[in-house]
Amino acid sequence: MCNKIIDTNPRLASNIYSNLAEIYRLKGRYEAAKKYLEYALKVIEMKNLPFTHDDVVLGQKYGNLLADMKKYQEALAVFNYLANGIQIHNPDSLDFADVLWNIGTVQLNINGMDTAKHYFGAAYFIYSKLKADDEVYLKALRNELKQIGIEIKENAKQRLENKSML
């Protein structure tokens, strides 16, 4: 179906595969979803397209699907790949914060709270800088963290400013 589109509009083809994957994911058909997300990623790689925000979203969909499938090490590899690329080009971005948050979620499943805290804290620090005027959003994040046993304190922001995120 997408072969003709791949040649003329590879981004559209990648998006179509990604959307098909989302339909399969919502139906609980994770293997089919994984296959279509891999097609979407392959199109981008095959056509050597420049890295964009959409690619980060696609990568996060893939990593989250792997985590849903309990393939935590594979998910972590995807998120670390994204984080390393984003950290070089755009470390103060919502994309970076989102990826760090996802790493925290996976780390919580693999290594427990201590490792996860670092990533959640780093993500929250970026969110608090970029969304400083959205207290409702920040409060929701703090509440989410509190539910898993992580308390964000004001001095944590200052400590994170002086540390590498990864």
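What counts and what doesn't
Residues numbered from 1 in each chain as written. Predicted model: local features only at pLDDT ≥ 70, side-chain atom pairs only at ≥ 80, totals over all residues. Heavy atoms only, no water. Helix = DSSP H or I, 4+ residues; strand = E, 2+ residues; numbered from the N terminus. Rg over C-alpha atoms; globule rule 2.2 N^0.38 Å. Buried < 20%, exposed > 50% of the residue type's maximum accessible area, 1.4 Å probe, protein only. Contact = heavy atoms within 4.5 Å. Areas by Shrake-Rupley, 256 points an atom, 1.4 Å probe, with all protein chains shown as cover. Axes fitted to C-alpha atoms, helices over the stretch in contact; angles between N-to-C directions. Parallel < 35°, antiparallel > 145°, perpendicular 65-115°, else oblique. Left-handed = near helix turned anticlockwise from the far one by under 90°. Nonpolar A, V, L, I, M, F, W, Y, C, P; charged D, E, K, R; others polar. Phe/Tyr/Trp six-rings, centres within 6.5 Å; stacked < 30°, edge-to-face > 60°. Lys NZ or Arg CZ within 6 Å of the ring centre and 35° of its normal. Salt bridge = Lys/Arg side-chain N within 4 Å of Asp/Glu carboxyl O. Expected span 1.5 Å × (residues − 1). Arc of directions from axis to C-beta.

**Focus on the overall build of the protein chain**
Within the protein chain, the secondary structure is distributed over nine helices and zero strands. The helix and strand sequence of the protein chain, counted from the amino end, reads α-α-α-α-α-α-α-α-α. By the compact-globule yardstick of 15 Å for 166 residues, the protein chain fits well, its C-alpha radius of gyration being 17 Å. For the protein chain, the spread of C-alpha atoms along the three principal axes comes to 55 × 30 × 25 Å. Burial status across the protein chain gives 39% buried among its 166 residues. A fraction of 58% describes how many contacts in the protein chain between residues 6 or more apart in sequence connect residues 24 or more apart. Of the roughly 9,600 Å² that the protein chain leaves accessible, carbon and sulfur atoms contribute 50%.

**A short note on the packing of helix α2 (residues 10-26) against helix α3 (residues 30-46)**
Running from N to C, α2 and α3 point in directions that differ by 170°, and their axes come no closer than 8 Å. One way to sum up the angle between α2 and α3 is to call them roughly antiparallel. The way α2 lies across α3 gives a crossing that is left-handed. Across the interface between the two elements, Pro10, Arg11, Ser14, Tyr17, Ser18, Leu20, Ala21, Tyr24 and Arg25 from α2 touch Tyr30, Ala32, Ala33, Tyr36, Leu37, Tyr39, Ala40, Val43 and Ile44 from α3. Residue composition of the contact of α2 with α3, by class: 14 nonpolar, two polar and two charged.

**Considering the packing of aromatic side chains**
A complete count under the given rule lists seven aromatic pairs for this structure. Between Tyr127 and Tyr137, the ring centres sit 5.7 Å apart and the planes meet at 75°, which makes this aromatic pair edge-to-face. Remark: Tyr137 occurs in helix α8 (residues 135-147) and Tyr127 occurs in helix α7 (residues 113-130); sequence separation between them is 10 residues. Relative accessible area serves as the criterion here: at 4%, Tyr127 is assigned to the buried category. Taken together, the ring pairs connect Tyr17, Tyr24, Tyr36 and Tyr39 into an aromatic cluster. Seen from the ring of Tyr137, Lys131 lies directly overhead, with NZ or CZ sitting 4.7 Å from the centre.

**Brief notes about the pattern of salt bridges**
Tallied over the entire structure, the rule returns seven salt bridges. Residue Lys47 is joined to Asp7 by a salt bridge in which the shortest nitrogen-to-oxygen separation is 3.4 Å. Linking Lys47 in the loop between α3 and α4 (53-68) with Asp7 in helix α1 (residues 3-8), this pair joins segments that are 40 residues apart in sequence. Taking relative accessible area as the criterion, Asp7 reaches 58% and is therefore assigned exposed. Note that Lys71 is salt-bridged to Glu31, the shortest N-O span being 3.8 Å.

**A few points about the environment of Ile6**
Along the chain, the position of Ile6 falls in helix α1. A relative accessible area of 7% places Ile6 in the buried class. A sequence separation of 25 residues divides Ile6 from Glu31, and the C-alpha atoms of the two residues are 23 Å apart.

**With respect to α2**
Taking 1.5 Å of rise per residue, 17 residues should cover 24 Å, and α2 covers 24 Å from first to last C-alpha, within 8% of that figure. Listing the buried residues of α2 in full gives Pro10, Ala13, Ser14, Tyr17, Ser18 and Ala21. Considered in projection along α2, the buried side chains sweep an arc of 135° and stay on one side of the axis. Looking at the buried residues of α2, the elements they touch are α1, α3 and α4. The positive-phi residue at the C-terminal boundary of α2 is Gly28, with phi of around 80°.

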